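# Observations on the three-dimensional arrangement
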Amino acid sequence: MINFENVSKYTLNDITLNIPKDEIVGVIGASGAGKTTLIKLACGLLAPGSGQVWTLGKDPVKYRRKYASDISTFIVGTPLLNKEDTVLQGFETIAAIYNLTGEYFRRRYSVLSEKLGFAELSESRVKDLSLGQKMRAELGAALLYKPKLLLLDEPNVGLDENGKSALCDTLKQGADGGMTVLLTSHDMASVSRICTRLAILYGGKLVFYGSLDNLRSRYLPINTMAVHFIGRVPDLDDLPLRKYSLEGNTLKLEYDSNHITAAEITALILKQTEITEIGIHKPDLEELIMQIRGEK
């Protein structure tokens, strides 16, 4: 769907990255790492200083107009809706630009406005909306014509937790329907929840690309587990654990997930005693990013 081949531009340095169809890919990095630049390169708003970008198999700069209906781009500070229009008028303008039929537009607008929470704002002028309300409407506008490729730059800015949850659900449904999503975000919790792959930028370089599980396996594979049990104390000496302790009827374990899984540990304990509750802690994305920065 998108290919970056040895691309350099501004802070980005020799980026090679392939984003396949039907994936939701999150781009993570500190301010100035090149996240917005990556989005602009993908949609053709910028040309690479060196290297090549291919979007939908074509040069996005040369074919930007031709593929306008296949690619939707949301960039903070670049509004899709005219501030003088009402929300509904803004959507009607977009529908006219992309030749959306009346029936399709009404159905799609109804679905998006309900899901993203701006249904009651249809007659409000865009300029009168709060930041959160405006973000909900702008994100709906980016999704109106069901693009093949959706590019989002910091889509969670200004959204409350309900708005973030609604956006995540909407993007997941879009991906299930064949839409590919590339997004940048500082919201680690949302990225962890929705993205199938992560691209991490550090010092202008792509330092990691893959799933969250692969990221944990590479940088912080140590997990902890608390097992509450009834019955005799299980024998764990044959397991490759880093350490474990017993507090009453609770076992506290620390293990390397590259060497043994939680399922394997649980299976052995179940052979010896009855388990009433299990709690597992894995490093979250913020911890992993801190680990990466510490190693660089």
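Figured I'd write up the structure that's included with this text. (Residues numbered from 1 in each chain as written. Predicted model: local features only at pLDDT ≥ 70, side-chain atom pairs only at ≥ 80, totals over all residues. Heavy atoms only, no water.)

Where burial is concerned, most of helix α1 (residues 35–43) is hidden: seven out of the nine residues are buried. Every buried residue of α1 is listed here: Lys35, Thr37, Leu38, Ile39, Leu41, Ala42 and Cys43. Positive backbone phi, approximately 90°, marks Gly44, located one or two places after α1. (Buried < 20%, exposed > 50% of the residue type's maximum accessible area, 1.4 Å probe, protein only. Helix = DSSP H or I, 4+ residues; strand = E, 2+ residues; numbered from the N terminus.)

As a further point, take helix α4 (residues 131–143). Spanning 13 residues, α4 covers 18 Å between terminal C-alpha atoms, matching the ideal 18 Å at 1.5 Å per step. Along α4, the residues that are buried comprise Gly132, Met135, Arg136, Ala137, Glu138, Leu139, Gly140, Ala141, Ala142 and Leu143. The secondary structure elements touched by the buried residues of α4 are β5 (71–75), α2 (87–97), α3 (102–116), β6 (149–153) and α5 (161–176). (Expected span 1.5 Å × (residues − 1). Contact = heavy atoms within 4.5 Å.)

Turning our attention to the side chain of Asp59. Structurally, Asp59 is set in the loop between β4 (50–55) and β5. Of the buried charged residues, Asp59 lacks a salt bridge, with Lys62 as the closest side chain of opposite charge at 4.6 Å. Not counting residues within four places of it along the chain, the set of residues in contact with Asp59 comprises Gln52, Val53 and Trp54. (Lys, Arg positive; Asp, Glu negative; His and termini not counted. Salt bridge = Lys/Arg side-chain N within 4 Å of Asp/Glu carboxyl O.)

Before going further, it helps to spend a moment on the environment of Leu149. Mapped onto the elements, Leu149 comes out in strand β6. The class of Leu149 is buried, set by a relative accessible area of 0%. Dropping the residues within four chain positions of it, Leu149 is found in contact with Met1, Ile2, Thr55, Asp70, Ile71, Ser72 and Thr180.

A few words now on the side chain of Asp256. Position of Asp256 relative to the elements: it lies in strand β12 (residues 250–256). Within the buried core, Asp256 has no salt-bridge partner, and the shortest N-O distance to an opposite charge, that of Arg242, equals 5.6 Å. Here the side chain of Asp256 touches Asn258 through a polar contact of 2.8 Å, landing on its backbone nitrogen. Sequence-distant contacts of Asp256, defined by excluding residues within four places in its chain, comprise Pro221, Ile222 and Arg242. (Polar contact = N/O pair within 3.5 Å; in protein donor to acceptor, adjacent residues only side chain to side chain.)

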